Amino acid sequence: MDTKKEITQGKNAEWLARGKRLQQLRIMARLERDSAAKLAGLARSSYKLVEVGVNNLTKERAAWFVNGIHEMGIDVEVEWLLTGVGDKPRKSQAHTDSTYRSNLGVPNDVLEAGSLDQRLIEKELDCFCRNHVNSVYLVIPDDSMVPLYQKGDVVAGEQHSMHDISKFLGQDCIVTLSNGTRLLRNLNPGREARLFTLLALNPHAPVKILSDVELQNAAPVLWHRRLNKW
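A.B. asks: Got a sec to walk through the pairing of strand 3 (residues 135–139)? Specific residues and values, please.
C.D. replies: By the criterion of burial, strand 3 is predominantly enclosed, with four of the five residues buried. By the bridge criterion, five bridges tie strand 3 to strand 4 (residues 154–158) in an arrangement that is antiparallel. Within strand 4, the residue paired with Y137 across the bridge is A156.

Encoded structure:
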């Protein structure tokens, strides 16, 4: 193999690894490509080429992107995004505390008064999210998944992209629809490639089956807790 070809292949591998780290951060921040592209100062089409390793991400663009996701509670250094060296990205404590309290619907005065169950669940959820880079969680909004999951339960998992979703057929997953809506449903194949059928466990659910839907990602349920009523 000649030297020029070796250099080209090495550059391609470096760009691909950098693109995967960029995608990892985008998913962690729960951003669509359009929004992520704006943070990096790129057109959506150019951004996509960076994620798949066709184009390079410059240090300047990387810094813009990192500064943007810092505001969303993601702690990461530009050096890690560019080279993979340094501390892995994590969700900042201050951001996760306020976000969890808001999304769990737990009144601050209840927590501050020492509601032990809620505090324990909040701490467990924080620990889960810190140990799973692409974590996602959901407070179940209705009774569509009873008897296994009740309204108000909290579930969490690790998000997987379209390429990996088929591995989790038959499992209960937190899924993100193409329009950004997030649901907990049993994941099943659709009638066409890249489409899926989502089943509610409750036979009396208003919408028992969602057929042939396109998903952004899916996260098999790895963590499930039931909040006491306050």
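Moving on from the model shown.
A.B. asks: Please provide a residue-by-residue account of the environment of S211, values included.
C.D. replies: As for its placement among the helices and strands, S211 is situated in strand 9 (residues 209–213). Residue classification places S211 among the partly exposed positions, given a relative accessible area of 46%. Along the primary structure S211 and L195 are separated by 16 residues, whereas in three dimensions their C-alpha atoms are 8.3 Å apart. Excluding residues within four positions of it along the chain, S211 makes contact with F196 and T197.

A.B. asks: Requested: an account of the side chain of R26, with residues and values cited.
C.D. replies: In this fold, R26 is placed in helix 1 (residues 3–28). Among the polar contacts made by the side chain of R26, one reaches the side chain of E51 at a distance of 2.6 Å. When neighbours within four sequence positions are excluded, R26 is seen to be in contact with L31, E32, R33, A36, Y47, E51 and F65.

A.B. asks: Tell me about the nonpolar core, and please be specific about residues and values.
C.D. replies: The biggest cluster of nonpolar side chains holds 21 residues, and the ones touching the most others in it are L22, L25, F65, I69, I74, V76 and L81. Of all the secondary structure elements, the ones that give two or more residues to this core are helix 1, helix 2 (33–40), helix 3 (44–51), helix 4 (59–70) and helix 5 (78–83). Ignoring sequence-local partners within four residues, the contact set of V76 consists of L25, V66, I69, H70 and P89.

A.B. asks: How would you summarise the packing of aromatic side chains if you had to cite specific residues and measurements?
C.D. replies: Between two aromatic rings, the relevant description is the distance of the centres plus the angle of the planes. Taken as a whole and assessed by the stated rule, the structure comprises one aromatic pair. With centroids separated by 6.5 Å and ring planes inclined at 40°, the aromatic side chains of F128 and W223 adopt a geometry described as tilted. Taken together, the residues span a long stretch of sequence, with F128 in helix 8 (residues 116–131) and W223 in strand 10 (residues 215–225) at a distance of 95 residues. Taking relative accessible area as the criterion, F128 reaches 8% and is therefore assigned buried. Owing to a relative accessible area of 7%, W223 belongs among the buried residues under this scheme.

Reading the values: the criteria
- Residues numbered from 1 in each chain as written.
- Predicted model: local features only at pLDDT ≥ 70, side-chain atom pairs only at ≥ 80, totals over all residues.
- Heavy atoms only, no water.
- Buried < 20%, exposed > 50% of the residue type's maximum accessible area, 1.4 Å probe, protein only.
- Helix = DSSP H or I, 4+ residues; strand = E, 2+ residues; numbered from the N terminus.
- Pairing = 2+ DSSP bridges.
- Contact = heavy atoms within 4.5 Å.
- Polar contact = N/O pair within 3.5 Å; in protein donor to acceptor, adjacent residues only side chain to side chain.
- Core = buried A, V, L, I, M, F, W, Y, C linked by side-chain atoms within 4.5 Å.
- Phe/Tyr/Trp six-rings, centres within 6.5 Å; stacked < 30°, edge-to-face > 60°.

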